[in-house]
Every structure is written in structure tokens, then in C-alpha cells.
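Observations on the model geometry
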Amino acid sequence: KANGIRTIVYMNCHILGPSLKEHFGDWCIRQKDNSQKLLYSTYPACCLNSGWRDYFFSCIESLAEFDLEGLFFDGPAYNDCRCPDCQKKYLAETGKTMAESTDEEIHAFTLRSVLAFKQELRKKVKSVNPAWNMYFNEGLFSGLHTSAEMSAHLETDDLVGIEGGFFFYCEPRKLPYWRCSVFA
């Protein structure tokens, strides 16, 4: 801080890492066949409607004592989930079961769940420290959202950016210099 360096904390909100192994079965995204959705072929994706949400919000609260500039949220995942928590929430919202629904209806529920999570997380962050900046590392411009939906998602961010590491998913020489700025 004495040198003008400000800290933004990285917080993963898309996978359940190895320290949460005992919760993989309860907090992971469940696919149509009830298998766990793995990201990067390694760890389960976390379900935003499961008990993981309360755990994650408590992690935000635990940072209150620190002098931070903000929080960088990696994710969330946009994968459809059919876990018991999602099935219960879906039934309450729509009045029908996931088994009675189309894949499109379930994906619309996923999109609503992601936005609701981001909006609630913003409220939590600002209740802990209103000065903290926050940013979600996600592909809003990847064709998942209408312009109105993108606007709602952007309202949850204080910063606009993109993970620089995306530049190196391909050989850098084959990518335009402006690749990261286009994503941002």
C-alpha cells in the first residue's frame, strides 16, 4: 500500500476446488444423467443454488477486516444443473418439474439463476464494504445474452475487463493484439 499498490482478491465462483472435496456431491452441478459437471476435466462446477452459495457469501464476510480495492470473481459457470436444490427452486418458480420441461426452459432458468446470484453477491459485497470494486470474469458477449440481459449483468460489475490469460489459450502469434480488449 505504501507503494500505491492496491489489492484485488481473486475469488473462484465456478469450480469446487480440492479443499471443498467433502462437498462435491452436495454443491456441484448435476447433469441430466446425474453425473457431476467437471470443468477443465478436473473439478466439479459449483451450483449457484446449492449450499455453496451461503459458504461463498460467508467468505465475502470474512474479508471485511482487510483493506482491499475489490474482488475479482472468476465465473460463474453457465451450465444447466439438475441437482435437488435446482429442481426444488425450478418447481417453485415455474410450477412444473424439470422432467416436464424442455432443455430451453431449463437453460432459461440457469440464466436467471446466474443473474440472481450475481445481483445478490453484489448486495453482499457492498454490505461488507461499499467501496470495494467487483468484477466478474465471464463471456457476456459470447452470444448467451440479449443486449437487455447484458445490461443487467453489467450492472453487477464496477470494472470492465477480461482475464489476460485468455490470450494464451492459443498461440499468441495467431491472435490479434486487440483480442483481450474485444472480449472486455
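Okay, so let's go over this structure.

The full count for this structure, using the stated rule, is 10 aromatic pairs. Note on W52 and F56: the rings are 4.7 Å apart at their centroids and 25° apart in plane angle, and the pair reads as stacked. Remark: F56 and W52 occur in helix α2 (residues 52-62); sequence separation between them is 4 residues, near one turn of the helix. We note K118 situated over the ring of F136; from NZ or CZ to the ring centre the distance is 4.8 Å.

Time to look at the pattern of salt bridges. Once their charged atoms are close, side chains differing in charge can pair, the charge on each being opposite to the other. Scanning all chains against the criterion turns up 10 salt bridges. Its salt-bridge partner being K32, residue D103 comes within 3.0 Å of it at the nearest N-O pair. With a gap of 71 residues between them, D103 in helix α4 (residues 103-128) and K32 in the loop between α1 (24-27) and β2 (38-39) connect regions that are remote in the sequence. The partly exposed category is assigned to D103, whose relative accessible area is 38%. By sharing partners, the salt bridges in this structure join K32, R82 and D103 into a single network.

With parallel pairing, 3 strands are arranged side by side in an open sheet as β1-β4-β5. Strands with a single pairing partner mark the edges of an open sheet, and in this sheet they are β1 (8-12) and β5 (133-137). Going across the sheet, the axis of each strand differs from the next one's by a mean of 20°, ignoring polarity. Of the pairings in the sheet, the one linking β1 to strand β4 (residues 70-74) comprises 5 bridges and is parallel in character. Each bridged residue has a counterpart across the sheet, and for M11 the counterpart in β4 is F73. Sheet strands touched by α2: β1 and β4. Its angle to β1, the strand with the most contacts, is close to 170°. Lying on the sheet, α4 is in contact with β4 and β5; it crosses β5 at an angle near 155°.

The next point concerns the nonpolar core. Nonpolar side chains in soluble globular proteins tend to end up buried together. Core analysis: the biggest nonpolar cluster contains 26 residues, and W52, F56, I60, L71, F73, F117 and L121 have the highest contact counts within it. Contributing elements (two or more residues each) for this core: α1, α2, β4, α4 and β5. Once residues within four sequence positions are removed from consideration, L121 is found in contact with F56, F57, I60, F73, M134 and F136. I15, C47, I106 and F109 belong to the second largest nonpolar core, which has 13 residues in total.

What counts, and where the lines are drawn
- Residues numbered from 1 in each chain as written.
- Predicted model: local features only at pLDDT ≥ 70, side-chain atom pairs only at ≥ 80, totals over all residues.
- Heavy atoms only, no water.
- Phe/Tyr/Trp six-rings, centres within 6.5 Å; stacked < 30°, edge-to-face > 60°.
- Helix = DSSP H or I, 4+ residues; strand = E, 2+ residues; numbered from the N terminus.
- Lys NZ or Arg CZ within 6 Å of the ring centre and 35° of its normal.
- Salt bridge = Lys/Arg side-chain N within 4 Å of Asp/Glu carboxyl O.
- Buried < 20%, exposed > 50% of the residue type's maximum accessible area, 1.4 Å probe, protein only.
- Pairing = 2+ DSSP bridges.
- Axes fitted to C-alpha atoms, helices over the stretch in contact; angles between N-to-C directions.
- Contact = heavy atoms within 4.5 Å.
- Core = buried A, V, L, I, M, F, W, Y, C linked by side-chain atoms within 4.5 Å.

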